[in-house]
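Per-entry structural report
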Amino acid sequence: MVSAFASTTGMLGALIPLAVPFLLTGQVGAVGLITALAISASVVDASPFSTSGALVTANTPADQRDLVFRRLMTWGLGIALAGPLVTWCLFVVPGSL
């Protein structure tokens, strides 16, 4: 959720050290967990509060700006909820990474 409002790179710098306790247990693969964190932190970059989404919204013609804002909000919220779940299931649960 925080990545929708903050820098993806900054979030990765904060999330990876927080993941160390999970990695030290040996029950979670490092590559899978880091991959899931990176994807989850970056898929929300199209929300209207991130840099990319704000630029898209700002450059939209004035008569369509509200529509674009609402759709980007819907996308951002939906992917912020579904993205981590999907990446966890794909990259962490199998345990092969």
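Structural data are supplied above this passage.
Structure report, in brief. Counting of residues starts from 1 at the beginning of each chain's written sequence and follows it residue by residue. With the structure being a predicted model, the display of local features is reserved for residues of pLDDT at least 70 and the display and counting of side-chain atom pairs for 80 or more, all residues being used for whole-chain, interface and lining totals. The basis for every side-chain value is the complete set of heavy atoms in the structure, and neither hydrogens nor water enter the calculation.

**Quick word on the environment of leucine 23**
A run of H or I in DSSP becomes a helix once it reaches four residues, and a run of E becomes a strand once it reaches two; helices and strands are each numbered from the N terminus. The topology assignment puts leucine 23 in helix H1 (residues 8-24). Remark: the alpha-carbon pair of leucine 23 and leucine 33, spanning 10 residues in sequence, is separated by 8.2 Å. Two residues qualify as a contact provided that any one of their heavy atoms is within 4.5 Å of a heavy atom in the partner residue. Ignoring sequence-local partners within four residues, the contact set of leucine 23 consists of Val28, Gly29, Ala30 and Leu33.

**Side note on the nonpolar core**
Nonpolar side chains tend to gather and get buried jointly when the protein is soluble and globular. Residues Ala19, Val28, Leu33, Ala36, Leu37 and Val92 constitute the largest nonpolar core, which totals 6 residues. Leaving out residues up to four positions away in the same chain, leucine 33 has contacts with Ala19, Phe22, Leu23, Val28, Trp88 and Val92. Buried residues of nine kinds, namely Ala, Val, Leu, Ile, Met, Phe, Trp, Tyr and Cys, make up a nonpolar core once their side-chain atoms join them within 4.5 Å. Relative accessibility thresholds used throughout: buried, under 20% of the residue-type maximum; exposed, over 50%; partly exposed, between the two (1.4 Å probe, protein chains only).

**Here's the deal with the packing of aromatic side chains**
Describing an aromatic ring pair means giving the distance of the ring centres and the angle of the ring planes. Two rings from Phe, Tyr or Trp (for Trp, the six-membered ring) form a pair when their centres are within 6.5 Å of each other. A pair whose planes differ by under 30 degrees is stacked, one over 60 is edge-to-face, and the rest are tilted. Inspection of the entire model under this criterion finds 1 aromatic pair. Ring plane angle 90° and centroid distance 6.0 Å describe the contact between phenylalanine 49 and phenylalanine 69, whose orientation is recorded as edge-to-face. Of this pair, phenylalanine 49 sits in the loop between helix H2 (30-42) and helix H3 (51-58) while phenylalanine 69 sits in helix H4 (residues 65-92); the two residues are 20 residues apart in sequence, bridging distant segments of the chain.

**A short note on the environment of glycine 10**
As for its placement among the helices and strands, glycine 10 is situated in helix H1. According to the relative accessible area criterion, glycine 10 is partly exposed, its value standing at 44%. Note: C-alpha distance between glycine 10 and alanine 54 (44 residues apart in sequence) is 18 Å.

**A few points about the environment of leucine 90**
Secondary-structure assignment places leucine 90 in helix H4. Using a relative accessible area of 53% as the deciding quantity, one classes leucine 90 as exposed.

**Thoughts on a nonpolar patch on the surface**
Together, Phe49, Phe69 and Met73 give the surface a local cluster of nonpolar side chains, amounting to about 260 Å² of exposed area. Along the chain, the position of methionine 73 falls in helix H4. Given the relative accessible area of 33%, methionine 73 is considered partly exposed. Exposure above 30% relative accessible area and the absence of a salt bridge qualify a residue for a patch, where like charges join within 9 Å and nonpolar side chains (Val, Leu, Ile, Met, Phe, Trp, Tyr) within 5 Å. Reported accessibility uses the Shrake-Rupley method at a 1.4 Å probe radius. Residues are deemed covered only where the shown protein chains occlude them. By salt bridge we mean one thing: a side-chain nitrogen of Lys or Arg within 4 Å of a carboxyl oxygen of Asp or Glu.

Limitation: the analysis is restricted to geometry and does not speak to function.
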